[in-house]
Amino acid sequence: MSKEMFEQIFTDLFPFWAEITDEDKKYICDNSYALSYPKGTTIHDGNECSGVFIVKKGCLRVYIMSEDGKDITLYRLHEGDMCMLAASCVLQTITFDVLVDSEENSECYVISGPAFASISERNHKIKIFALELAVTRFSDVMWVMQQILFMSMDKRLAIFLFDESTRIGSDLLTLTHEQIAKYMGSAREVVSRMLKYFSNEGIVEVSRKGVKILDRKRLRELTL
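Owing to the predicted nature of the structure, the values given are computational and were not obtained by experimental measurement. (Residues numbered from 1 in each chain as written. Predicted model: local features only at pLDDT ≥ 70, side-chain atom pairs only at ≥ 80, totals over all residues. Heavy atoms only, no water.)

Caption draft 1: Spatial organisation of the sheet that holds strand E9 (residues 172-173). Pairing is antiparallel across the open sheet formed by three strands, whose spatial order is E9-E11-E10. Two strands bound the open sheet, and with one partner strand each, they are E9 and strand E10 (204-207). When E10 meets strand E11 (residues 210-213), the two strands line up antiparallel, connected through four bridges. Following the sheet pairing, Glu205 is matched in E11 by Lys212. (Pairing = 2+ DSSP bridges. Helix = DSSP H or I, 4+ residues; strand = E, 2+ residues; numbered from the N terminus.)

Now the structure itself:
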């Protein structure tokens, strides 16, 4: 992708773009790449400063993993979303490792971590932008932890189903029990039991196609 195309993308994306020098703009564009990731690819394993990811198409999952291999989804990134937590060299106060997988065939713009860090060190507006983005994501992380630690399973599942349905604009969620469990940081067996309960109550319908919400009002009530 040409420098001119990256510059147009970053003009629309970054609030600081008009205020940095042409030299810095060129440096960022020269160290940016358009990359494609097949479904299931691990694109950041936590061991290096991979860079700043901007999702053009698809879905990325950001998660942490315990020593025994159990993982917790922190959040997912969709079209137009940006991930700064894979650029530890930009935010050096981040002392934990996150991993990033492509949940779908995905296309991303990636800015080199060291290049972005170099520019941000001499431009406080870029640094502030990076910190504000990280704070927003940490709010998402704290919400996930709050659900895991303090909420009942039926409420957690209701919140997930309701939010996912709202996000995609459909009552049919084409997700497996395994995928739902992974997103919620739970076990598949637990999710399956709770979906069966919801099904018996007439709140959802479970089939090979996924989970279909039948009673949004009752599902909403469970989230409160």
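Caption draft 2: Structural context of the state of the cysteines. The full count for this structure, using the stated rule, is zero disulfides. Lacking any disulfide linkage, Cys29 is separated from the closest cysteine sulfur, that of Cys108, by 17 Å. Note on Cys108: no disulfide assigned, nearest cysteine sulfur contributed by Cys83 at a separation of 9.6 Å. Residue classification places Cys108 among the buried residues on the basis of a relative accessible area of 2%. (Disulfide = S-S within 2.5 Å. Buried < 20%, exposed > 50% of the residue type's maximum accessible area, 1.4 Å probe, protein only.)

Caption draft 3: Structural detail: the packing of helix H5 (residues 153-168) against helix H7 (residues 188-200). Where H5 meets H7, the closest approach of the two axes is 10 Å, and the angle between their N-to-C directions is 80°. The orientation of H5 with respect to H7, classified from their angle, is roughly perpendicular. Contacts between H5 and H7 involve Met153, Asp154, Leu157, Ala158 and Leu161 from the former and Val190, Val191, Met194, Leu195 and Phe198 from the latter. Grouping the amino acids of the contact of H5 with H7 by side-chain chemistry returns nine nonpolar, no polar and one charged. (Axes fitted to C-alpha atoms, helices over the stretch in contact; angles between N-to-C directions. Parallel < 35°, antiparallel > 145°, perpendicular 65-115°, else oblique. Contact = heavy atoms within 4.5 Å. Nonpolar A, V, L, I, M, F, W, Y, C, P; charged D, E, K, R; others polar.)

Caption draft 4: Highlighting the pairing of strand E8 (residues 106-111). With five of its six residues buried, E8 lies for the most part within the structure. In this sheet, E8 lies alongside strand E1 (residues 32-37) in antiparallel orientation, the contact comprising six bridges. Each residue of the ladder has a partner; that of Leu35, found in E8, is Cys108. Taken together, the five bridges between strand E3 (residues 52-57) and E8 define a ladder with antiparallel strand orientation. Of the residues in E8, the one forming a bridge with Lys57 is Glu107.

Caption draft 5: View of the sheet that holds strand E7 (residues 99-102). Sheet architecture is open: four strands sit in the order E2-E7-E4-E5, paired in antiparallel fashion. With one partner strand each, in any of the chains shown, strand E2 (42-44) and strand E5 (71-77) form the two edges of the open sheet. On average, adjacent strands in this sheet sit at an angle of 35° to one another, irrespective of strand direction. Looking at chain direction, strand E4 (residues 60-65) and E7 are connected through four bridges and run antiparallel. Paired with Arg61 across the strands is Asp101, a residue of E7. Strand contacts of helix H4 (residues 124-150): E4 and E5, with the helix running at about 140° to E5, the strand carrying the most contacts.

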